[in-house]
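# Residue-level structure breakdown
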Amino acid sequence: MKGTFFRLRGKELSLILIVLVCTTIFVWTWDRTPFLATFLPPKSRFLWLSSENKTVNYQEGQLSNILAPAGPVAETIPDKRKETTESLAEGQAKDKHVVEAEKNSSAENSTILTKTEENGKKNLGEKNSKLEKESVDRRSSADSANLSSSERIKADENSTMLEQNQACNYAKGKWVVDDSRPLYSGAHCKQWLSQMWACQLMQRTDFAYERLRWQPKDCQMEEFEGSRFLTRMQDRTLAFIGDSLGRQQFQSLMCMVTGGKERPDVEDVGKEYGLVKPRGAIRPNGWAYRFPSTNTTILYYWSACLCDLDPLNITNPATEYAMHLDRPPAFLRQYLHKFDVLVLNTGHHWNRGKLKANRWVMHVGGMPNTNRKIADIAGAKNFTIHSIVSWVSSQLPEHPRLKAFYRSISPRHFVNGDWNTGGSCDNTTPMSIGKEVLQDESSDYSAGSAVKGTGVKLLDITALSQVRDEGHISQYSITASHGVQDCLHWCLPGVPDTWNEILFAQL
């Protein structure tokens, strides 16, 4: 029994000793080689990876969310391939480094989180901005499309009107009543309109003639606006050269452009064209005015016959003048290069009485005329009109910007005599002798034939003015002698305004 007890006890002691030795070796090995510790996370720190959101959630007193794991996060997990034979000191150093790295990583991730949130907001803002911009662009595109469509329609209409106007015979049409007329007041356009042509200042009491408008038959005529005229004529000069009817057209245009109002800003530039009143003269040979806002100049030069006039004896005040039928006025030759629009006219001074009173002697080729075909007044006038139109047309290649017009003759309406033989024009009822013109050719044969085949356009106003006998100054003239009526010049506002409307439509 005793032997058995000791034998069993010896075995137990040996077993206990073996266990103690193994335990000692295990503990010693655990302390010396932190093999298993390298697979464990640091205390008080847990890591979850979500494959769905691909976010890293750190818990260190609070949760922080980021869109993707940053570089330092990966560095917090030691590499399993590290050697297990590293010293404890090295292991402890690594643990310390890992903890510090994780702390830095936390700060960095917090910064990353803030930046990421900012970037997210920025990206979201940019996305929203982009969406808004795209929406605006779509609306703008739609508006642009609508605007472009509107502009195209308007352009097409203007193009159609332009094509129609280019082929339009403005002399063919009818007079219609328009209560929006006149375009200016004859009583207020005192700065530009001569009192002798302002019927509102006379004893005339009926002004129905002021409310008529010319409507071309086969096309639309652009409505006249002073501002539009000045814009179209910016940096350009329009010159009227002709007789007193040309002067009426000039004054009419000045009133139309200004609306009959005072314009102190308009400059008198007559000196630039030599248009000054000679010593002892009643008035200068013309006028020139400039609108500084658009640098537009409108001028008139008096040349009743559109011929060059030279005194035969400059020392004799009563000398005769050579009337050169084949030579344009010196003024036109000298200043043509300054003109952009030119309107010529002549006609009512072509009679023996005027030539004799003015002491004009016909010359051709620098010599007194001996050609019997042009010795009579009608032949001489026709020759002169063809001559000046041909000359102007020959100058157009050198002045490509110039638009030249020859205005047909303005009709007279003397009844039962002439201006000095008791002729009169007492009718005051508009359109009593007609209101429509349907002819294709001009009533002024000389003017119509002269411009054919040239670069000069015909401003045909003869027939449409022929049916307006009520528009003359008639017996209300304040300058004529007793019993003498003016059935040649027109009341202003009146028929010459239409001449300028037709001119404007062709610029």
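Residues numbered from 1 in each chain as written. Predicted model: local features only at pLDDT ≥ 70, side-chain atom pairs only at ≥ 80, totals over all residues. Heavy atoms only, no water.

## With respect to the state of the cysteines
Note on terminology: disulfide describes a covalent bond linking the sulfur atoms of two cysteines. Counted under the stated rule, the structure contains four disulfides. Between Cys199 and Cys491 runs a disulfide, and the two sulfur atoms are separated by 1.9 Å. Taking the sign of the torsion about the S-S bond as the criterion, the disulfide between Cys199 and Cys491, at about -80°, is left-handed. Here Cys491 lies in the loop between β19 (486–490) and α11 (495–505) and Cys199 lies in the loop between β4 (173–177) and β5 (212–216), a separation of 292 residues in the sequence. Between the sulfur of Cys425 and that of Cys487 lies a disulfide, 2.1 Å long from S to S. The chirality of the disulfide connecting Cys425 with Cys487 is left-handed, given an S-S dihedral of about -95°. In this pair, Cys425 is assigned in the loop between β15 (403–407) and β16 (436–437) and Cys487 in strand β19, connecting sequence segments 62 residues apart. (Disulfide = S-S within 2.5 Å. Helix = DSSP H or I, 4+ residues; strand = E, 2+ residues; numbered from the N terminus.)

## Considerations on the sheet that holds strand β13 (residues 360–364)
Pairing in this open sheet of four strands is mixed, and the strands run β10-β11-β13-β14 from one edge to the other. Either end of the sheet is taken by a strand with one partner, and the two such strands are β10 (308–311) and β14 (367–368). As paired elements, β13 and β14 share two bridges and run antiparallel to each other. Looking at β14, one finds that His363 is bridged to Pro368. (Pairing = 2+ DSSP bridges.)

## A look at the sheet that holds β4
Across the sheet, three strands lie side by side as β5-β4-β16; this open sheet has antiparallel pairing. Two strands close off the open sheet at either side, each with one partner strand: β5 and β16. Alignment of β4 against β16, held across two bridges, turns out to be antiparallel. Within β16, the position partnered with Lys174 by the bridge is Glu436.

## Focus on the packing of aromatic side chains
Per the stated rule, a full pass over the model turns up 13 aromatic pairs. Chaining the aromatic ring pairs together yields one cluster made of Trp192, Phe250, Trp287, Tyr289 and Tyr300. When the ring centre of Tyr273 is taken as reference, the NZ or CZ atom of Lys338 above it lies at 5.1 Å. Above the face of the Trp175 ring, Arg468 is positioned so that its terminal group lies 4.5 Å from the ring centre. (Phe/Tyr/Trp six-rings, centres within 6.5 Å; stacked < 30°, edge-to-face > 60°. Lys NZ or Arg CZ within 6 Å of the ring centre and 35° of its normal.)

## A few points about the confidence of the model for the chain
The share of residues in the chain with pLDDT of 70 or more is 70%, and the mean pLDDT across the chain is 80. Low confidence marks residues 127–133, where pLDDT is under 50. Its contacts with residues over four positions away, or in another chain, come to zero contacts. A low-confidence stretch, residues 135–148 (pLDDT under 50), is modelled with three contacts involving residues beyond four sequence positions or located in other chains. (pLDDT = per-residue confidence, 0-100. Contact = heavy atoms within 4.5 Å.)

## What to know about the environment of Leu438
The residue Leu438 is located in the loop between β16 and α9 (445–451) in this model. Here Leu438 falls in the partly exposed class, since its relative accessible area comes to 46%. Along the primary structure Leu438 and Ala463 are separated by 25 residues, whereas in three dimensions their C-alpha atoms are 9.4 Å apart. Beyond its immediate chain neighbours, meaning those up to four positions away, Leu438 contacts Lys172 and Lys217. (Buried < 20%, exposed > 50% of the residue type's maximum accessible area, 1.4 Å probe, protein only.)

## Quick notes on a nonpolar patch on the surface
A contiguous nonpolar patch, built from Leu13, Ile16 and Leu20 and spanning about 300 Å² of accessible area, is present on the exposed surface. For Leu13, the position within the fold is in helix α1 (residues 2–32). (Patch = residues over 30% accessible without salt bridge, like charges linked within 9 Å, V, L, I, M, F, W, Y side chains within 5 Å. Areas by Shrake-Rupley, 256 points an atom, 1.4 Å probe, with all protein chains shown as cover. Salt bridge = Lys/Arg side-chain N within 4 Å of Asp/Glu carboxyl O.)

## Points about the packing of helix α5 (residues 244–258) against α11
Contact geometry of α5 with α11 gives a least axis separation of 9 Å together with a crossing angle of 75°. One element, α5, and the other, α11, form an angle in the roughly perpendicular class. Residue-level contacts link Leu245, Gln248, Gln249, Ser252, Leu253 and Met256 of α5 to Pro496, Asp497, Trp499, Asn500, Glu501 and Leu503 of α11. When grouped by side-chain class, the residues that make up the contact of α5 with α11 number six nonpolar, four polar and two charged. (Axes fitted to C-alpha atoms, helices over the stretch in contact; angles between N-to-C directions. Parallel < 35°, antiparallel > 145°, perpendicular 65-115°, else oblique. Nonpolar A, V, L, I, M, F, W, Y, C, P; charged D, E, K, R; others polar.)

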